[in-house]
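Observations on the three-dimensional arrangement
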Amino acid sequence: MSKEVEITLPNGTKYLQPTGLFINNEYVCGSKGNLIDSIDPATGQVICSVECAEELDVDKAVQAAKAAFYDVWKDSISPSERGDLLYKLYELTKANKDILAQIEAFDSGKPLETNAVFDIDECIGVLKYYAGWADKSHGEYIPINKDKWCLTKHEPFGVVGQIVPWNYPLGMAIWKIAPALAAGNTLVLKSAENTPLSILYFGKLILEAGFPPGVVNFISGFGPIAGSALATHQDVRKIAFTGSTHTGRIIQKLASDTLKAVTLECGGKSPLLVFKDCDLDQAVKWAAIGIFSNMGQICTSTSRIYIEEEIYQEFLNKYVIHVKQEYKQGLPFEHKDVVVGPQVSKLQRDKILEYIEIGKKEGAKLLLGGSKPLEDKYSQGWFVEPTIFSDVNNKMRIVREEIFGPVVVCGKFKTQEEAIKLANDTEYGLGAAVFTKDNSKAFKVADAIEAGMVWINSSNDSDFHVPFGGVKMSGHGRELGDYGLNTYTQAKAIHVNTGFLL
Amino acid sequence: MSLSTTITFPIIGESYVQPTGLFINNEFVKARSGKTFKVTSPIDESLLAELQQADAKDVEVAVDAAEAAFKKWSALTPDDRSEYVRKLAELIERDQDIITKIESLDNGKSLDSASWDLNMVVHYLKSCAGYSDFIDGRSIDTGDGYLNYTRREPLGVCGQIIPWNFPIMMWAWKVGPAIVSGNTVILKPASATPLSALYTAQLVKEAGIPPGVVNIIPGSGRSCGNAIVHHKRIMKVAFTGSTEVGRDVMVGAGESNIKKVTLELGGKSPNIVFADANLELAVQNVVTGVLFNGGEVCCAGTRVYVQDAIYDKFTAMLKKAFESIKVGNPFEKGVFQGAQATPDQFQTVLDYIQIGVKEGAKILTGGKRIGKRGYFVEPTIFLTDREDYRIVKEEIFGPVTTLSKFSTVDQVVEMANDSTFGLAAGVNSRDINKAINVAHRLKAGTVWVNTYNDLHHQVPFGGYKQSGIGREMGVEAFENYTQVKAIRVKLENPIA
């Protein structure tokens, strides 16, 4: 089977979308013939159906990856050559960036011009970055004494399983694929059931770049079936998961039987602290980016803002005006200025609306938004207005729980110690942002905050050269940077006895 | 006046246009003095081209250009710089065939040899392009509330002086890491072999690299090279060449502005064959070690030590191998060894052969010039029964090796280390423990076990003792082109 479906994008562009499971460089049918509908979040309409992986299909993909690892990838291809293949993939992604951005926008609801195109730009950067790393990772030489010396080799795991979410479908996939391949692994990647299309399309580029069959495999499927199968499969040596903390817990448990290495990149309720000595206009702008980009569907969104008492009202006034003005709601392909598209699914949207109601009941003050938009054009899709709550306290559910939508909660603090205490009063620890002109304060606060990433005078300003990941219930392990490469290797120590005779 | 000339390759008859000006600020210009110099082919001693000859005045112009370019170039992101270097690598790859031929014509090496060089150049520059993110620093927790970190910053304008044995390969080894790290360069190719350097300069411009970042100025060592070494606004000099001149470079660097110095100098590397070696493989390794690139290799393995138990057998095998080498015009098919690169070096080799004979060493094979035109020398083996022959101690830099006998490991390690040089060494043995133990004891920057002259761009290369300072290729190359700045910030007590 090499089934492709012709899809017409909202802007009229037509393209051929592969719908099979991408295993061994071929698009194949699922073993049970089950399908997943991929739905356009802007209209609620089905885009197309793709093959759904069952446990048997996961096994097939893992066996393909295993064979590819032992037969070809492990010994016959040098690090330099891996880098060359990744570089080729980078060039192909660059050449196909327009169509990839459009597929992404269509499938996930991300506005094309203000969101999806930048995702693809980042994908391109990440691929080139890891292509450069492939021949530069090295182990250590450790001399012991005259009769013994040792080496460490940074070896790949073998077959790695990767489970990615729907908020940055291709982006999250590339963050995982690139370093895994650079380090010498083969992989089976399961896309989110909401957003399979861009990843399946990307399979064509894997093929064109010349990766041997089985090195990269993509499967569309449901978490409880295909995701579980990957997390429990005995031939999968490591599992990398990005998604909710709830599912992250399950993955870690499932992986424990086979003692897989696990990296988890889970949820967050990241704090953004605004000190009175900050550049207020900048703090407002970054605080908006921090929660209203990607419709608030960002693990690192700074969804709790704490403002120093003296400037509390001033900040909120400016914030509301700024968000109203700049965060234009619209359909993803509608026009260049749309920033707030639909949420990815009905389930997500309804959950967000539920939290908004909870917030109102809990007594938080609603400053902006608070419901779905009323115009006709939004009626079939899953839209939520950008929503700002203020006067919150840390006991409220809307302050403690991850909402994963365009809803921000704002509170105040008197002292630096109180700010830190409020910021750390959470089970999560993914990101954090601090706004102040005082460098000492910035670094001291950065030290005190319990988070994997701290932004000083910006928010959600990630860069692929820099490690990304959380502490506490936000997960463990780091992606991106050379840390991201190391996470796909394991050290083998080789001891050489050159003269110690018993 | 167009600063170019048309050159035709012998035998194959193809022609190309060779730039002949000095490449400064992305333009080919005349030398200030109006002086020129001739470039001849070592294959048939014919005149290839007449080039503009740079001297101190041109170095001054180049420094101005490189200094002006440095500010912007070093301020680009590493990613941006890597794009340029990648583009340059791809252009060299596009023109790989022609540059290979230019190299053979100018240097005399076989086309196979030149192909190998060009492959290395393309791979190395592509790899350099991927280094943009490696040039980073460290963050250091001193536990006293301070913020500490180190940054690696470029040096500024770097002078680079390269030899004639691997013209374009040396060019890539120098230009690549220097500009990726954010430096700008003034490179003086060897007067004997400037053609590929100037041809490739065109590709620098085509790659879009801004003017002044890469400047290529052929000139004499005495005038142009000296000016580079002494220039007060050049922050570093990288020199590859003879130990003699390397010494002068170091002195000049110290006398002028204590510019950073890296040197890649001569060698007289030992190649040891133990009785338990795979003899066929060892013969190949010794042949490669002596005759690759006509012996004009700094790390050539030109002191061969053979263990007594296999001495007779090995010597006979090696003689046969040397005598089966095809020496001739590199543009002819099947030629392994081409011409020696310059008339001076050619004469030096012949002189050393005479010295060897006079000292009492026995010629096992070879020892004579081939033909009457062009600089061709027979692959030559001297049997040496003492270590104090000049031909054992001094670098000959041609297709000539000495061959001595040894008995024990300790003895051969002592003989191998008894040299003012320390560039490379080879160990041939099936016993990996012995081979590694010996490798650890040899005073050399590269030790090859069961192979020779076997470079890889991921692996650093450089010398011990009088063979040099610093390393090229590998991650280590970037240490030579950056300097460490430590920043320590005292943070005030923040309790408001």
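Keep in mind that this is a model prediction, so the values were computed, not measured.

Residue and element names in this part refer to chain B. Ordered in space as 16-19-20-15-14-21-22, the seven strands form an open sheet in which the pairing is mixed. Whereas interior strands pair on both sides, the edge strands pair on one side only; in this sheet they are strand 16 (362-365) and strand 22 (446-449). For this sheet the average axis-to-axis angle between neighbouring strands, irrespective of direction, equals 25°. Pairing of strand 15 (residues 303-307) with strand 20 (residues 400-406), which is carried by five bridges, proceeds in the parallel orientation. Bridging across to strand 20, Tyr 305 finds its partner in Ser 404. Helix-sheet contacts for helix 14 (residues 432-441) involve strand 14 (270-273), strand 21 (424-428) and strand 22, and the interaxial angle to strand 22 is about 165°.

Here the focus is the pairing of strand 6 (residues 47-52) of chain B. All names here are of chain B. Where strand 5 (residues 36-40) lies against strand 6, five bridges are found, and the strand directions are antiparallel. Bridged to Thr 36 within strand 6 is Gln 52. Linking strand 5 to strand 6, which pair antiparallel, is a turn of six residues; within it Glu 45 sits at a positive phi near 60°.

All names here are of chain A. Considering all chains together, one arrives at 30 aromatic pairs over all chains under this definition. Aromatic side chains Tyr 15 and Tyr 201 sit 5.8 Å apart centroid to centroid with 70° between the ring planes, which places their arrangement in the edge-to-face category. Separated by 186 residues along the polypeptide, Tyr 15 in strand 2 (residues 14-18) and Tyr 201 in helix 6 (residues 197-209) bring together distant segments of the chain. Of the aromatic side chains, those joined through ring pairs into one cluster are Phe 292, Phe 315, Tyr 319 and Tyr 327.

What follows is about the domain arrangement of chain A. Residues and elements named next belong to chain A. Partitioning chain A into domains gives domain 1 (54-266 + 475-491) and domain 2 (271-456). In this complex, domain 1 contributes 20 residues to the contact, which on the side of domain 2 involves 21 residues. Between domain 1 and domain 2 lies a buried interface of about 1600 Å² when both sides are counted; carbon and sulfur atoms form 60% of it. By the criterion of area lost to domain 2, the three top residues of domain 1 are Pro 111, Trp 166 and Asn 167, representing 28% of everything that side buries. Where domain 1 packs against domain 2, one counts zero salt bridges. Here domain 1 is connected to domain 2 by seven residue pairs in polar contact (both at pLDDT 80 or more). Elements with a minimum of two residues in the side of domain 1 that touches domain 2: helix 3 (97-108) and helix 4 (112-133). Here the residues of the side of domain 1 that touches domain 2 are counted per class, giving seven nonpolar, nine polar and four charged.

All names here are of chain A. Sites flagged by UniProt as "active site" (unreviewed entry) map to Glu 265. With respect to the element layout, Glu 265 can be found in strand 13 (residues 261-265). Contact partners of Glu 265, with chain neighbours within four places excluded, come to Phe 241, Thr 242, Gly 243, Cys 299, Leu 430, Phe 468, Ser 474 and Glu 479.

Let us now look at the pattern of salt bridges. Residue and element names in this part refer to chain B. Under the counting rule described, the total for this entry stands at 49 salt bridges over all chains. The salt bridge partner of Glu 67 is Arg 233, with a shortest N-O separation of 2.6 Å. Here Arg 233 lies in the loop between helix 7 (221-230) and strand 12 (236-240) and Glu 67 lies in helix 1 (residues 56-75), a separation of 166 residues in the sequence. Here Arg 488 and Asp 144 are joined by a salt bridge, their closest N and O atoms 2.8 Å apart. Separated by 344 residues along the polypeptide, Arg 488 in strand 24 (residues 482-489) and Asp 144 in the loop between strand 7 (139-140) and strand 8 (147-154) bring together distant segments of the chain.

Definitions and limits used
- Residues numbered from 1 in each chain as written.
- Chains lettered and ligands numbered in written order.
- Predicted model: local features only at pLDDT ≥ 70, side-chain atom pairs only at ≥ 80, totals over all residues.
- Heavy atoms only, no water.
- Pairing = 2+ DSSP bridges.
- Helix = DSSP H or I, 4+ residues; strand = E, 2+ residues; numbered from the N terminus.
- Axes fitted to C-alpha atoms, helices over the stretch in contact; angles between N-to-C directions.
- Contact = heavy atoms within 4.5 Å.
- Phe/Tyr/Trp six-rings, centres within 6.5 Å; stacked < 30°, edge-to-face > 60°.
- Domains from an automatic or database assignment.
- Buried area = accessible area lost by both parts, 1.4 Å probe.
- Salt bridge = Lys/Arg side-chain N within 4 Å of Asp/Glu carboxyl O.
- Polar contact = N/O pair within 3.5 Å; in protein donor to acceptor, adjacent residues only side chain to side chain.
- Nonpolar A, V, L, I, M, F, W, Y, C, P; charged D, E, K, R; others polar.
- UniProt positions renumbered as here; feature names shortened; annotations may be inferred.

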